[in-house]
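Listed below, chain by chain, are the residues.
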Amino acid sequence: MHSVERSPEPNFLAQLRAAHTQWDDLQGDARRRIRDALVRDFGTICAYCERPCHGATATHEESGAETIDHFRPRHHFPDWWLDWLNLVYACRRCNRSKGGSWPGFEDELVNQMLAGEEARYVPVSEYVSPSAVVGRRPAGEFFDFDAETGEMLPASELDRVEWSMARRTIRDVDLNDSGLGENDESHLWNRRLEQRALLIERINRMDDFDAKLNIMLEFMLPDKPFSSFIRAYVMGRFPLLGQILG
């Protein structure tokens with residue numbers, strides 16, 4: 001997950017708020033305009049799992065692959081129903097997994113379960129946001145990956161609250177595809193490993209170091225699939241490059 005610098009709110013959102021009072025009032029054309037605007041911020045990559053989504057308009061074979069997620073769910077935060085910074089470009093899988101969940105709302109059993117499994121866990125009141133917030137830790141710093149398996153993990157250097165925010169985000173958005181078997185080709189772990197294999201294949205074709213470096217940098221761009229995992233892999237394999245890039 002990346003921290004995405006958000007653009008100013010599009011002018012047409014104020015018009016929509018003036019004409020409507022809830023999300024369900026918006027028709028397809030209005031929602032497509034919002035998706036188009038979100039793509040200019042997020043690209044066509046899911047803000048949560050970083051899997052590639054299709055274009056912002058329904059002109060492709062799987063027209064429902066991309067969705068608009070309300071980071072703070074409308075059920076719990078009705079006043080945020082058309083807040084620009086609360087709208088996130090997400091794949092349908094992540095949107096469904098997250099659903100109307102939000103830490104602090106009827107999650108006592110979840111907190112007890114996680115605290116019983118992991119002594120470091122403490123109850124939290126929010127998820128890690130993919131939208132950059134001034135003065136807050138960037139989203140990418142909350143997470144790490146197992147380079148061998150592709151599993152997404154909370155970053156070890158976080159304090160207990162931030163670690164728990166990362167843990168809840170991974171769990172509730174299901175960023176490790178707990179419902180799928182690990183051998184399923186569509187499993188997020190396997191999709192990350194496939195992208196790593198593609199990177200390795202590309203750089204092994206080249207003898208020139210600068211060419212290899214450019215390919216690695218390309219795969220780490222935020223608009224590329226699973227680039228956070230690729231970045232973690234590259235930094236682990238080439239520590240000196242990590243020092244250069246920071």
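Residues numbered from 1 in each chain as written. Predicted model: local features only at pLDDT ≥ 70, side-chain atom pairs only at ≥ 80, totals over all residues. Heavy atoms only, no water.

**Student:** Give me the lowdown on the overall build of the protein chain, citing residues and values where you can.
**Tutor:** Per the secondary structure count, the protein chain includes 9 helices and 4 strands. Secondary structure elements of the protein chain, listed N to C terminal, follow the sequence α-α-β-β-α-α-β-β-α-α-α-α-α. Considering only C-alpha atoms, the protein chain reaches an extent of 60 × 45 × 40 Å along its principal axes. Evaluated residue by residue, the protein chain yields a buried proportion of 45% over its 246 residues. Counted over contacts in the protein chain with a minimum sequence separation of 6, partners at least 24 positions apart contribute 64%. Approximately 12900 Å² of the protein chain is accessible, and the part contributed by carbon and sulfur atoms is 49%. Distance between charge centroids for the protein chain: 2 Å, based on 30 positive and 41 negative side chains. (Helix = DSSP H or I, 4+ residues; strand = E, 2+ residues; numbered from the N terminus. Buried < 20%, exposed > 50% of the residue type's maximum accessible area, 1.4 Å probe, protein only. Contact = heavy atoms within 4.5 Å. Areas by Shrake-Rupley, 256 points an atom, 1.4 Å probe, with all protein chains shown as cover. Lys, Arg positive; Asp, Glu negative; His and termini not counted. Charge placed at Lys NZ, Arg CZ, Asp CG, Glu CD.)

**Student:** Tell me what's going on with the pairing of strand β1 (residues 66-70), and back it up with residues and numbers.
**Tutor:** Among the 5 residues that make up β1, 5 are buried, leaving the element largely enclosed by the rest of the structure. Alternating residues of β1 divide into Glu 66, Ile 68 and His 70 and Thr 67 and Asp 69, and every residue in both groups is buried. For β1 and strand β2 (residues 87-91), the ladder comprises 5 bridges, and the chain directions are antiparallel. Bridge pairing links Thr 67 to Ala 90 in β2. (Pairing = 2+ DSSP bridges.)

**Student:** Describe the pattern of salt bridges, naming the residues involved and giving the relevant values.
**Tutor:** Scanning the model with the defined rule gives 15 salt bridges in all. Across the salt bridge formed by Glu 9 and Arg 17, the nearest N and O atoms sit 2.6 Å from each other. Here Arg 167 and Glu 118 are joined by a salt bridge, their closest N and O atoms 2.9 Å apart. Within this pair, whereas Arg 167 is found in helix α5 (residues 160-172), its partner Glu 118 is found in the loop between α4 (108-117) and β3 (143-145), the two being separated by 49 residues in sequence. Residue Arg 167 is classed as buried on the basis of its relative accessible area, which comes to 17%. (Salt bridge = Lys/Arg side-chain N within 4 Å of Asp/Glu carboxyl O.)

**Student:** Give a description of the packing of aromatic side chains that names residues and reports values.
**Tutor:** Per the stated rule, a full pass over the model turns up 6 aromatic pairs. When the ring of Trp 102 is compared with that of Tyr 127, the centres are 5.2 Å apart and the planes differ by 80°; the resulting orientation is edge-to-face. Taken together, the positions of Trp 102 in the loop between α3 (92-98) and α4 and Tyr 127 in the loop between α4 and β3 put the pair 25 residues apart, joining distant regions of the chain. Judged by relative accessible area, Trp 102 falls into the buried class, the value being 5%. Geometrically, the ring pair formed by Phe 145 and Phe 229 is edge-to-face, given 5.6 Å between the ring centres and 70° between the ring planes. You can see Phe 145 sitting in strand β3 and its partner Phe 229 sitting in helix α8 (residues 227-237), a full 84 residues away along the chain. As far as the burial class goes, Phe 145 and Phe 229 line up, both buried. Put simply, the rings of Phe 71, Phe 77, Trp 102, Phe 105 and Tyr 127 pair up and form one aromatic cluster. It is Arg 6 that lies over the ring of Trp 84; its NZ or CZ is 4.7 Å from the centre. (Phe/Tyr/Trp six-rings, centres within 6.5 Å; stacked < 30°, edge-to-face > 60°. Lys NZ or Arg CZ within 6 Å of the ring centre and 35° of its normal.)

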